[in-house]
Amino acid sequence: VVNITTPAQYFHVLRRQAHRPFKKPLILMTPKYLLHHAKATSALEDFGENTFFARVIVDYNPLGPQEAGLADNTRHLATTKSGNPVTVPLQDIRRIILCSGQMYYSLSNARRARKIKDVVLVRLEQISPFPYDRVIETISFYPNADVVWCQEEPKNMGAWFYVQPRLATALQHRIEVGYVGRPASAVTATGSFHIHKAEMRVILDAAFSN
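Residues numbered from 1 in each chain as written. Predicted model: local features only at pLDDT ≥ 70, side-chain atom pairs only at ≥ 80, totals over all residues. Heavy atoms only, no water.

## Observations concerning the sheet that holds strand β4 (residues 146–154)
1) Next: Here we have five strands laid out as an open sheet, ordered β1-β3-β2-β4-β5, and mixed in their pairing. The strands lining the two open edges of the sheet, one partner per strand, are β1 (56–58) and β5 (177–182). If you compare each strand with its neighbour and ignore which way they point, the axes differ by 25° on average.
2) Next: Helix α5 (residues 193–208) rests against β2 (95–99), β3 (119–124), β4 and β5 of the sheet, and its axis sits at about 165° to β5. (Pairing = 2+ DSSP bridges. Helix = DSSP H or I, 4+ residues; strand = E, 2+ residues; numbered from the N terminus. Axes fitted to C-alpha atoms, helices over the stretch in contact; angles between N-to-C directions. Contact = heavy atoms within 4.5 Å.)

What follows is the structure in structure tokens.
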């Protein structure tokens, strides 16, 4: 089960599926919105040699832009024009926001607009099988950060109830993973664009709050 965020990731997950020596179902949860979203793009080099499907994408790679994987389509934003990193040192990162799908772009836009430098976004591109190894490795770079899962769906929908126990296992219950998103609801959407925007503002405020 995947919820991918870039054209290159879509290409690589289909390529991986076609070349696997065994048969296994592939479920793509990608929303239609990303088909026309201007920032959901990939550089041509992301389709070239030594590229592959990334189960997890960390924006502003903690090892520096030279180590950023080609799957990260925001790697060009990791430094300023003068070459300085746009984030604080790793030990000063206060929050890791885990998300999936189009929620990443909403969070990325809000973080940039608010000039927040102490929050990193981690995209869970593959939801199942859960990428324990990549999640553990990613979170280990930020020793003083808390961890939250952010989604736009109601709490009783989306991926939260699937990823929550698996995140707890990956973190060996040492870090409590917070939830940011809509409260539980009987319906998937409000049916009102204005209410939807107001709820999204609440979610983004909570995601970046102190």
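## Some points on the packing of helix α3 (residues 132–140) against helix α4 (residues 160–170)
1) Next: Between α3 and α4, the shortest axis-to-axis distance is 10 Å and the interhelical angle comes to 60°. The angle between the axes of α3 and α4 places the two elements in the oblique class. Once α3 is placed against α4, the crossing between them reads as right-handed. Contacts from Tyr-132, Val-135 and Ile-136 in α3 reach Arg-166, Leu-167, Thr-169 and Ala-170 in α4.
2) Next: In terms of residue class, the contact of α3 with α4 is built from five nonpolar, one polar and one charged. (Parallel < 35°, antiparallel > 145°, perpendicular 65-115°, else oblique. Left-handed = near helix turned anticlockwise from the far one by under 90°. Nonpolar A, V, L, I, M, F, W, Y, C, P; charged D, E, K, R; others polar.)

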